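Close look at the chain arrangement
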Amino acid sequence: MSARTGPIVILTGAGISKESGLDTFRCAGGIWSQVRLEDVATPEGFMRDPDRVQAFYNDRRRGLLTDNIRPNAAHEALARLECEWDDEVFLVTQNIDDLHDRAGSSNLLHMHGELLKVRCEVCHGVHEWRTDLGTGEDTCPACGALGRLRPHVVWFGEIPLGMDRIADALERCALFMSVGTSGTVYPAAGFVAEVTRVGRAHTVELNMEASNGASLFREVLQGPATELVPAYVDRLLAEGIPG
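Parameters at a glance
- Residues numbered from 1 in each chain as written.
- Predicted model: local features only at pLDDT ≥ 70, side-chain atom pairs only at ≥ 80, totals over all residues.
- Heavy atoms only, no water.
- UniProt positions renumbered as here; feature names shortened; annotations may be inferred.
- Helix = DSSP H or I, 4+ residues; strand = E, 2+ residues; numbered from the N terminus.
- Rg over C-alpha atoms; globule rule 2.2 N^0.38 Å.
- Buried < 20%, exposed > 50% of the residue type's maximum accessible area, 1.4 Å probe, protein only.
- Lys, Arg positive; Asp, Glu negative; His and termini not counted.
- Charge placed at Lys NZ, Arg CZ, Asp CG, Glu CD.
- Salt bridge = Lys/Arg side-chain N within 4 Å of Asp/Glu carboxyl O.
- Phe/Tyr/Trp six-rings, centres within 6.5 Å; stacked < 30°, edge-to-face > 60°.
- Pairing = 2+ DSSP bridges.

The name an unreviewed UniProt entry assigns to the chain is NAD-dependent protein deacylase, from the organism Rhodospira trueperi. Database annotation for the chain, UniProt heading Subcellular location (unreviewed entry): "Cytoplasm". Of the comments in the UniProt record for the chain, the one headed Function (unreviewed entry) reads "NAD-dependent lysine deacetylase and desuccinylase that specifically removes acetyl and succinyl groups on target proteins. Modulates the activities of several proteins which are inactive in their acylated form."

**Quick look at the overall build of the chain**
When helices and strands are counted, the chain shows nine helices and nine strands. For 243 residues, the compact-globule estimate of 2.2 N^0.38 gives 18 Å, and the chain sits close to it at 18 Å. By principal-axis analysis of the C-alpha atoms, the chain measures approximately 55 × 35 × 30 Å. When burial is assessed residue by residue, the chain has 51% of its 243 residues classed as buried. If you average the places of the 23 positive and of the 35 negative side-chain charges in the chain, the two averages end up 2 Å apart.

**What to know about the pattern of salt bridges**
Evaluated as defined, the whole model comprises 14 salt bridges. The partner of R52 in a salt bridge is D39, with the nearest N and O atoms 3.4 Å apart. One end of the pair, R52, is in helix α4 (residues 50-64); the other, D39, is in helix α2 (residues 37-40), with 13 residues separating them in the sequence. For R52, a relative accessible area of 39% puts it in the partly exposed group. On the basis of relative accessible area, D39 is assigned to the buried category, the value being 12%. One salt bridge connects D132 with R62, and the closest N-O pair in it is separated by 2.6 Å. Of this pair, D132 sits in the loop between β5 (126-128) and β6 (149-153) while R62 sits in helix α4, and the two are 70 residues apart along the sequence. We classify D132 as partly exposed; its relative accessible area is 38%. Residue class for R62 comes out partly exposed when judged on its relative accessible area of 41%.

**Notes on the packing of aromatic side chains**
Each aromatic ring pair is characterised by the separation of its centres together with the angle its planes make. Inspection of every chain in the model, using the stated rule, returns four aromatic pairs. Arranged with centres 5.2 Å apart and planes meeting at 45°, the rings of F46 and W155 form a pair that is tilted. With F46 in helix α3 (residues 43-48) and W155 in the loop between β6 and α7 (163-172), this residue pair connects regions lying 109 residues apart in the sequence. By the burial criterion, F46 is buried, and W155 matches it. For the pair F176 and F217, a centre-to-centre distance of 6.1 Å together with 15° between the ring planes defines the contact as stacked. Placement of F176 in strand β7 (residues 175-179) and of F217 in the loop between β8 (202-207) and β9 (219-222) is noted, with a sequence separation of 41 residues between them. Three or more aromatic residues joined by ring pairs make a cluster, and in this case those are F46, F56, Y57 and W155.

**With respect to the pairing of strand β1 (residues 8-12)**
The side chains of a regular strand alternate, first on one face of the sheet and then on the other. Taking burial as the measure, the five residues of β1 include five buried ones, the bulk of the element. Here β1 shows a buried face lined by I8, I10 and T12 and a second buried face lined by V9 and L11. Summarising the sheet, β1 and strand β2 (residues 89-93) pair through five bridges and their orientation is parallel. Opposite I10, over in β2, you have L91 as the bridge partner. Alignment of β1 against β7, held across five bridges, turns out to be parallel. Residue pairing in the sheet places T12 in a bridge with V179 of β7.

If you want it as structure tokens, here you go:
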């Protein structure tokens, strides 16, 4: 395989959506500084206080659907790369927002689920959901179960979605790009090590500041995603993958 072409895997985290106005989780003043993740982002928290968990995600869902939250130049650049690159571009996001979808990315996997979907705990069906979700009054659109819907979000202690597909893509890729991630949440934080173990791919991190795993990347660029990502996509389309 030429070093200048081949499949691309892109991992994105909260940093890419921050410039669209969405809060990140782990930075100063982020979501986890305001609420305990054990209370709202674990199966145990949901069992203890489902009303609190539903209220937390209802607030986030309403915030995502406000008119001022839109894809930014980084989201749009990654969608353009998928469209114009002559091989596969597979985008894996840790984000539960829909900004990549709105920007036009289609070969996309939300490994931590999607805020605008719900899952039935009875039939396991997944459904679009854009309004508030209650704990007792909503019924599953598929099986009719009452009060058994939960956010379609992967909580701490649960297995992320699509791991087999991700592993296959990491093994085959010629470029692994990480955008706006902290490098602290596994298994996503381990993707660069997996790519490095296979040994064929170029690896690049685009981030406001170096992540916990920055030393594992061959190339590290720091700055706003809305500046770095469009410039890097232009470079890839003009010059190919660095050798």
